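# Architecture at a glance
So you can see what is in the structure, the chains are spelled out below.
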2 protein chains.
Amino acid sequence: MCAQLLSTQPYKGTRDFYPNDMRLRNWFFGVIRNVLETSAFEEYNGPMLESLALYAAKSGEELAGEQTYNFFDKGNRHMAIRPEMTPTVARMVAAKMGELNFPLRWFSFPNMYRCENPQRGRLREFWQVNVDVFGCDTYEADLECIVSAIRLLRAFGADSSMFTVHISNRRFFNDVVSTIANTDMEGCRKISKVIDKRKKIPREVYEQELLKLGMDASQIEKLDSLYSATVQEATALCPDSVGSQELLHLFDMLSRIGLSDFCAFDFGIIRGLDYYTGTVFEVFDNAPENNRAMFGGGRYDNLVGLFVNNAKISGVGYGMGDVTLENFLNTHGLIPETLSKRKVLITRFSDVSYEHYMALSDKLYNAGITSSIYLATKKFGKQIDYAVKENYSHVIIMGASELEAGTVKIKDLATREESTVALDSIEDYFKA
Amino acid sequence: MCAQLLSTQPYKGTRDFYPNDMRLRNWFFGVIRNVLETSAFEEYNGPMLESLALYAAKSGEELAGEQTYNFFDKGNRHMAIRPEMTPTVARMVAAKMGELNFPLRWFSFPNMYRCENPQRGRLREFWQVNVDVFGCDTYEADLECIVSAIRLLRAFGADSSMFTVHISNRRFFNDVVSTIANTDMEGCRKISKVIDKRKKIPREVYEQELLKLGMDASQIEKLDSLYSATVQEATALCPDSVGSQELLHLFDMLSRIGLSDFCAFDFGIIRGLDYYTGTVFEVFDNAPENNRAMFGGGRYDNLVGLFVNNAKISGVGYGMGDVTLENFLNTHGLIPETLSKRKVLITRFSDVSYEHYMALSDKLYNAGITSSIYLATKKFGKQIDYAVKENYSHVIIMGASELEAGTVKIKDLATREESTVALDSIEDYFKA
């Protein structure tokens, strides 16, 4: 016993999911899967490892660089552990462009890795639901994504007092910023980076950075007015922009289908990823303690073109992480107290041969009744303790006398009622 | 468009799961989850990344060395992408030894990575179901694992003509080999490595290696006789071995509960991993084209001791990979022809404003009827083509005249029947 002991802790920023944690995760992924499948989205999945080049192309410097776990494999390929799912799904769509029937409605529950310092709502390993529509160039796909995001949160019991979808548009952003700052696309991109981080930096740093990019005080003031503008006020600044029209159309439709209460125009929504081209949105918890965006997404019209020359397949999608979702549900008291189901423990006595318990267990299994035999030989009281601690709802007692009589005793651990039941009537007992 | 295009292919040895593939995977993991939950196993999960040291300790040289993807993180920790799940679950059990209620019945569906050359039944990334019982030192846990493995395959419709559980015991192996070869534990371990690979090497190499380990021709002959021995014949060679008694007890119980047809004693079953201490088993497809073990497992009594001094928590478990399972199900024709469910496409006409389709889609969603709106603006015929190709079972037609009449037409794509249904009766139509 002199060998050094190994640590029992999971790797920093990753989680062990014990059965209680897993039950919770399965519950919320089950709710999400049900919403998406009922909305005719289809599930896909892809590998954890991808070529690093996949992210270098369009994910933006921060994500593709420092934040991505990467290494060289034996064949000297520079591999990445996926930090996000969109490049994978774009690759998959590109690979089968000719066979797939567009529009596609796809979702996935991938896990992701990012090597950053863990903090509230951000871990190194997290799970996401990723939802995408491919092959629809018009607002319906944007709407579809926003509607499904709202459906997801409502399926957990959330209402419009608890969260808001903040919406902007990259085309509008570029048009309005190039007008205000009198700059080109590259200038807009640089300004967008400053706006993206403005809530994390002091106001004076924000201003200095914009001044450095060639903006003057009055232009900065004009930008300021946009942060609190309504979609009508904002789009009035460049009415001819395609982005303005897209925004107006989207908000009009959201209002017609009764979802205005869930949505707000927000000029400050940038999305850090470089691939977005149109609508962008983030969902915020209205509770102040969860001030980070819960999840977000947008339209990316050119991703498939990274793989296939001149391929024009547009995508709109979003990802929602399990960590922020759990924080949200906890904050608003939306997690049910118990997720346990009926579960029967077959207790054991030393004077009954084990095959009789196995036969009983088979009988329950074949009837679809969840059960197990107590797998140790402790006293009856300890077996009951075990049943209670492990959330069994019932115990079955079959000693020598019951076996001889062809009966069992069934004890309901919630009501503490005990019934004597014929072996052949156990199924009926549980059906009742 | 001069930038180099990225490859659309997934990384060698990994798979993209398109919706059709994913539906199949979800189907078989659903069947498995149902069997295990009905058998009162509880799901857990752990991180993809673990310290490499976790595998170096007990997984055996081949797996912990060459076959494991590994790299140094920014903090210079030597990390591994998990090549198997057992060390993770042992770590998790060790971390909460004091709080957990033993015996534990746990399962998981992890994905794993191994950097080896892809071949039939073996890929670089694969999914597994891992099933373990912790904290039961006696045969009941071994039996529980074997029974659940048989239940899993039977749940897919497999019977005893299609697969066999080959069973041996490490304690028995050590006792019988040390008797035959007159050697110590280390000698047994070296001989076990030769036996483990004997089906992959020529007979003469097998003999040469055993001779090199100090065995003589008559000892090798004695070993030979074991490969075809029954459990009674084999255990008669060392009747006092605890391993012999364990084997006899296990086979006796398998016979009493009617599972003899599914099981066979097989001295040649070694399991490559160094941590096994008692019962070991592998499940073989009886079809000759799948001659590799489909899955296997065994008892490992000392793994938790790697983390906690003098901790004695025994484990028994097995893992079954998705690739070999799929091969098995395919070979025996056990995959249903269709896994599609009812799914309704709402077709679109340009003279009906989109919010009416959105309202209809909401109506269906709220009734739990899977549907989507066709997200493009192609002609009606193209919309029907899309519905057929994407496995929709029904289309709903709502043009201006239907809208005015407060009705829709519903077309059943299987029977080609078309019905006119009042908007308020759509739910009833689908319930009928």
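Everything discussed here concerns the structure shown above.
Scope of this entry: the structure provided in the associated data block. (Residues numbered from 1 in each chain as written. Chains lettered and ligands numbered in written order. Predicted model: local features only at pLDDT ≥ 70, side-chain atom pairs only at ≥ 80, totals over all residues. Heavy atoms only, no water.)

We now examine the overall build of chain A. Each helix and strand counted, chain A has 16 helices and 17 strands in total. Its C-alpha atoms put chain A at 95 × 60 × 50 Å along the principal axes. The buried share of chain A, reckoned over its 432 residues, is 59%. In chain A, once contacts between residues fewer than 6 apart in sequence are set aside, the share between residues at least 24 apart is 68%. Carbon and sulfur atoms provide 48% of the accessible area of chain A, an area that totals close to 18,000 Å². Each charge class in chain A can be summarised by its mean position, and for the 48 positive and 57 negative side chains these summaries are 4 Å apart. (Helix = DSSP H or I, 4+ residues; strand = E, 2+ residues; numbered from the N terminus. Buried < 20%, exposed > 50% of the residue type's maximum accessible area, 1.4 Å probe, protein only. Contact = heavy atoms within 4.5 Å. Areas by Shrake-Rupley, 256 points an atom, 1.4 Å probe, with all protein chains shown as cover. Lys, Arg positive; Asp, Glu negative; His and termini not counted. Charge placed at Lys NZ, Arg CZ, Asp CG, Glu CD.)

With that settled, the discussion passes to the packing of aromatic side chains. Tallied over the entire structure, the rule returns 54 aromatic pairs over all chains. Arranged with centres 5.9 Å apart and planes meeting at 80°, the rings of Trp106 of chain A and Tyr18 of chain B form a pair that is edge-to-face. Taken together, the positions of Trp106 of chain A in strand E5 (residues 104-108) and Tyr18 of chain B in the segment before helix H1 (19-38) put the pair across two chains. Tyr18 of chain B matches Trp106 of chain A in its accessibility class, with the two residues each being buried. Considering the side-chain rings of Tyr374 of chain B and Tyr386 of chain B, the 5.1 Å spacing of their centres and the 70° angle between planes classify their relative orientation as edge-to-face. With Tyr374 of chain B in the loop between strand E14 (371-373) and helix H14 (380-389) and Tyr386 of chain B in helix H14, this residue pair connects regions lying twelve residues apart in the sequence. In this pair, the class of Tyr374 of chain B matches that of Tyr386 of chain B, namely buried. Through a chain of ring-to-ring contacts, the aromatic side chains of Tyr11, Tyr69, Phe71 and Tyr113 of chain A together with Tyr11, Tyr69, Phe71 and Tyr113 of chain B assemble into a single cluster. Directly above the ring of Trp127 of chain A sits Arg25 of chain A, whose terminal nitrogen or CZ lies 3.9 Å from the centroid. (Phe/Tyr/Trp six-rings, centres within 6.5 Å; stacked < 30°, edge-to-face > 60°. Lys NZ or Arg CZ within 6 Å of the ring centre and 35° of its normal.)

Residues and elements named next belong to chain B. Both faces of strand E15 (residues 394-397) are covered, namely the face carrying His394 and Ile396 and the face carrying Val395 and Ile397. Relative to E15, strand E13 (residues 344-346) runs parallel, the two sharing three bridges. What sits directly across from Val344, in E15, is His394. (Pairing = 2+ DSSP bridges.)

The interface of chain B with chain A comprises 101 residues on the first partner and 102 residues on the second. Surface buried jointly by chain B and chain A totals about 8,700 Å² across both partners, of which 58% is contributed by carbon and sulfur atoms. At the junction of chain B with chain A, the criterion picks out 14 salt bridges. Linking Asp362 of chain B and Arg151 of chain A is a salt bridge whose minimum nitrogen-to-oxygen distance equals 2.9 Å. Joining chain B to chain A, the criterion identifies 42 residue pairs in polar contact (both at pLDDT 80 or more). For the side of chain B that touches chain A, the element with the highest residue contribution is H1 of chain B, accounting for nine residues. Each residue belonging to the side of chain B that touches chain A can be placed in one class, and the counts come to 53 nonpolar, 20 polar and 28 charged. (Buried area = accessible area lost by both parts, 1.4 Å probe. Salt bridge = Lys/Arg side-chain N within 4 Å of Asp/Glu carboxyl O. Polar contact = N/O pair within 3.5 Å; in protein donor to acceptor, adjacent residues only side chain to side chain. Nonpolar A, V, L, I, M, F, W, Y, C, P; charged D, E, K, R; others polar.)

This part is about helix H7 (residues 185-196) of chain B. Residue and element names in this part refer to chain B. An ideal rise of 1.5 Å per residue puts 16 Å on twelve residues; H7 measures up with 16 Å between its terminal C-alpha atoms. Those residues of H7 not exposed but buried are Gly187, Cys188, Ile191, Ser192, Val194 and Ile195. Relative to the axis of H7, the buried residues are bounded by an arc of 160° and lie together on one face. (Expected span 1.5 Å × (residues − 1). Arc of directions from axis to C-beta.)

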